[in-house]
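Each chain, written out:
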Amino acid sequence: MKMLFASDSFKGSLSAVEICNLLEQAAETVFPGTETVSVPIADGGEGTVEALLRAMGGRWMTTRVADPLFTPVDAKWGMLSDGTTAVMEMAQASGLPYVPQEQRDPRYTTSYGTGEMIADALRQGAKKILIGIGGSATNDGGMGMLSALGAVFTDDKGKQVSPVGDGLARVAHADFAHLLPALKECKITVLCDVTNPLLGPTGATYTYGPQKGGTPAICDALEAGMTNYARVIQQVTGKDIDHIPGAGAAGGLGAAFAGVLGATLKSGIDAVLETVDFDQKLNGVDLVVTGEGRIDGQSVRFGKVPVGVARHCAAKNIPVLCIVGGMGEGAEGLFDLCESTIQTTVSDPMPLEEAMTNAEKLYLDAALRLFRAVRIGMKLR
């Protein structure tokens, strides 16, 4: 029997790499000598770079960038073993954790550091960039990122505008003539699982602004600024960046990527599975084990890691075991996708803190139980 392990991390307790190691240990205990293949998986959020480096080989890279408040920080990203594919998480440069709770105000944060990280990848020879854009602290429409890549935004007097949310309303002209030439030779894929437009009640500002410190009055001002910004971008590029699905992701970063840089916005799990050549790795596999910290109806609806894996397995008629920390309403939707089952790691009623503290033992025990059930099923056949 050949097994493939492709789980997401259990955020805050187990990485995808650690989970693969535990599955290898459990498989060797129950099925000594069985062939296993480990492909740590993520969907564009935290852990994506680590998972791709483990699956594809490569090396960690570090770039000194400006965080959302323009404080210098070291952002980590990865260059895959082909030497031309960079993988990164926007949150490494422009993530919300960089901004203390009492200082959170999306009028004064920038995505400039994300642009610096991309610029460094281009200097290192990247011809492909995969970037996850979850967890941003910004609502600057991607103006900061574009500025770091060579764009110039000026007001009605020709003065350069500070690339923060508060500057959106003052933008009168955008000049993209001096964007880094290497961008033209680079294919950028944005890992994005939301379809919000840039503007309106479901757009960047009103949907995500409050969690970044935006009060109703602040969000109203930012929305007016973003409307102005979108109008200027359309005048220069001829593109309506408002209605691009996913334009509102990461405070409008999706709009800048797709509308100005010509990037492709793609489901995180689909892009990751394509990058690791997942379908090819399924050849000859009898059983796949996947999972995430918690599975529920949203996991199914938004195509999180177990669902993406299950869909690919269904095409090859490969059964799927899903090991999770917890189950919520709607998780059973996984069963409609392929032959599958779900096993929780929690064996007794316990507080979340206790489950996370003992995550390694709980996971290994759950994997052993599940593999023993598989062994019983094989004997029944």
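Below or above, wherever it landed, is the structure these notes cover. (Residues numbered from 1 in each chain as written. Predicted model: local features only at pLDDT ≥ 70, side-chain atom pairs only at ≥ 80, totals over all residues. Heavy atoms only, no water.)

**Some remarks on the overall build of the protein**
Then, number 1: A count of helices and strands for the protein gives 14 helices and 15 strands.
Then, number 2: Over its C-alpha atoms, taken along the principal directions, the protein stretches across nearly 80 × 45 × 35 Å.
Then, number 3: Burial analysis of the protein (381 residues in total) assigns 55% to the buried set.
Then, number 4: Put simply, of all contacts in the protein between residues at least 6 apart along the chain, 71% involve residues at least 24 apart.
Then, number 5: Element-wise, carbon and sulfur atoms account for 50% of the exposed surface of the protein, whose accessible area totals about 16100 Å².
Then, number 6: Across the protein, the mean location of the 32 positive side-chain charges is 4 Å away from that of the 43 negative side-chain charges. (Helix = DSSP H or I, 4+ residues; strand = E, 2+ residues; numbered from the N terminus. Buried < 20%, exposed > 50% of the residue type's maximum accessible area, 1.4 Å probe, protein only. Contact = heavy atoms within 4.5 Å. Areas by Shrake-Rupley, 256 points an atom, 1.4 Å probe, with all protein chains shown as cover. Lys, Arg positive; Asp, Glu negative; His and termini not counted. Charge placed at Lys NZ, Arg CZ, Asp CG, Glu CD.)

**A look at helix H1 (residues 16-30)**
Then, number 1: Taking 1.5 Å of rise per residue, 15 residues should cover 21 Å, and H1 covers 21 Å from first to last C-alpha, within 8% of that figure.
Then, number 2: For H1, the complete set of buried residues consists of Ala-16, Val-17, Ile-19, Cys-20, Leu-22, Leu-23, Ala-26, Ala-27 and Val-30.
Then, number 3: Elements that come into contact with the buried residues of H1 comprise strand E1 (2-5), strand E2 (35-38), helix H2 (48-56), strand E11 (287-290), strand E13 (320-324) and helix H14 (359-380). (Expected span 1.5 Å × (residues − 1).)

**Considering the pairing of strand E3 (residues 58-66)**
For a regular strand, side-chain orientation follows a simple rule: the groups alternate between the two sheet faces.
Then, number 1: Here E3 runs beside strand E4 (residues 72-80); their pairing, made up of 9 bridges, is antiparallel. Along E4, the bridge assignment pairs Arg-59 with Met-79.
Then, number 2: The hairpin formed by E3 and E4 contains 5 residues between the paired strands, and Phe-70 there has a positive phi angle of roughly 70 degrees. (Pairing = 2+ DSSP bridges.)

**Brief notes about the layout of surface pockets**
Then, number 1: Estimates place the volume of the largest pocket at around 860 Å³.
Then, number 2: Lining the largest pocket are 29 residues, with Asp-43, Gly-45, Gly-134, Asp-193 and Lys-304 sitting closest to its centre. (1 Å grid on protein atoms, 1.4 Å probe; cavity = no way out; pocket = protein on both sides within 12 Å on 5 of 7 lines; lining within 4 Å. Points joined across faces, edges and corners; volume = space filled by probe spheres on them.)

**Description of the packing of aromatic side chains**
Then, number 1: One pass over the structure, following the stated rule, counts 5 aromatic pairs.
Then, number 2: Consider the rings of Phe-153 and Tyr-229, whose centres lie 6.0 Å apart with planes at 40 degrees: the pair is tilted. Highlighted residues: Phe-153 in strand E7 (residues 152-154) and Tyr-229 in helix H7 (residues 216-237), separated in sequence by 76 residues. Residues Phe-153 and Tyr-229 agree in their burial class; the two are buried.
Then, number 3: Each member of the aromatic cluster is reached from another via a ring pair, and the members are Phe-5, Phe-31 and Phe-371.
Then, number 4: Its guanidinium or amino end placed over the ring of Trp-60, Lys-76 lies 4.5 Å from that ring's centre, counting from NZ or CZ. (Phe/Tyr/Trp six-rings, centres within 6.5 Å; stacked < 30°, edge-to-face > 60°. Lys NZ or Arg CZ within 6 Å of the ring centre and 35° of its normal.)

**Quick word on the side chain of Ser-38**
Then, number 1: Note on placement: Ser-38 falls in strand E2.
Then, number 2: A residue is classified by how much of its surface remains accessible, and Ser-38, at 17% relative accessible area, is buried.
Then, number 3: Among the polar contacts listed, one links the side chain of Ser-38 to the side chain of Glu-24, at a separation of 2.5 Å.
Then, number 4: Non-local contacts of Ser-38, meaning those with residues more than four positions away in its chain, are made with Phe-5, Cys-20, Glu-24 and Arg-54. (Polar contact = N/O pair within 3.5 Å; in protein donor to acceptor, adjacent residues only side chain to side chain.)

**Regarding H2**
Then, number 1: For H2, the complete set of buried residues consists of Thr-48, Val-49, Ala-51, Leu-52, Leu-53 and Ala-55.
Then, number 2: One or two residues past the end of H2 sits Gly-57, with phi positive at roughly 80 degrees.

**Examining the sheet that holds E11**
Then, number 1: Strand order across the open sheet formed by 5 strands is E2-E1-E11-E13-E15, with parallel pairing between neighbours. Pairing within the sheet leaves two strands with one partner each, and these edge strands are E2 and strand E15 (340-344). Between one strand and the next, the sheet's axes are offset by a mean angle of 20 degrees, whatever the strand orientation.
Then, number 2: On top of the sheet, H1 reaches E1, E2, E11 and E13; it is set at about 160 degrees to E1, its chief contact. (Axes fitted to C-alpha atoms, helices over the stretch in contact; angles between N-to-C directions.)

**Brief notes about the environment of Leu-199**
Then, number 1: Mapped onto the elements of the fold, Leu-199 is located in the loop between strand E9 (187-191) and helix H6 (204-208).
Then, number 2: The exposure class assigned to Leu-199 is buried, which follows from its relative accessible area of 15%.
Then, number 3: Expressed as a C-alpha distance, the spacing of Leu-199 and Ala-16, which sit 183 residues apart in the sequence, is 35 Å.
Then, number 4: Apart from residues lying up to four places away in sequence, Leu-199 is in contact with Glu-223, Met-226, Thr-227, Ala-230 and Asp-242.

**As for the side chain of Asp-43**
Then, number 1: Position of Asp-43 relative to the elements: it lies in the loop between E2 and H2.
Then, number 2: Under the relative-accessibility criterion, Asp-43 is labelled buried at 9%.
Then, number 3: Here the side chain of Asp-43 touches Lys-304 through a polar contact of 2.9 Å, side chain to side chain.
Then, number 4: Not counting the four nearest positions on each side in its chain, Asp-43 is found in contact with Asp-8, Thr-48, Asp-193, Gly-268, Ile-269, Lys-304 and Val-305.

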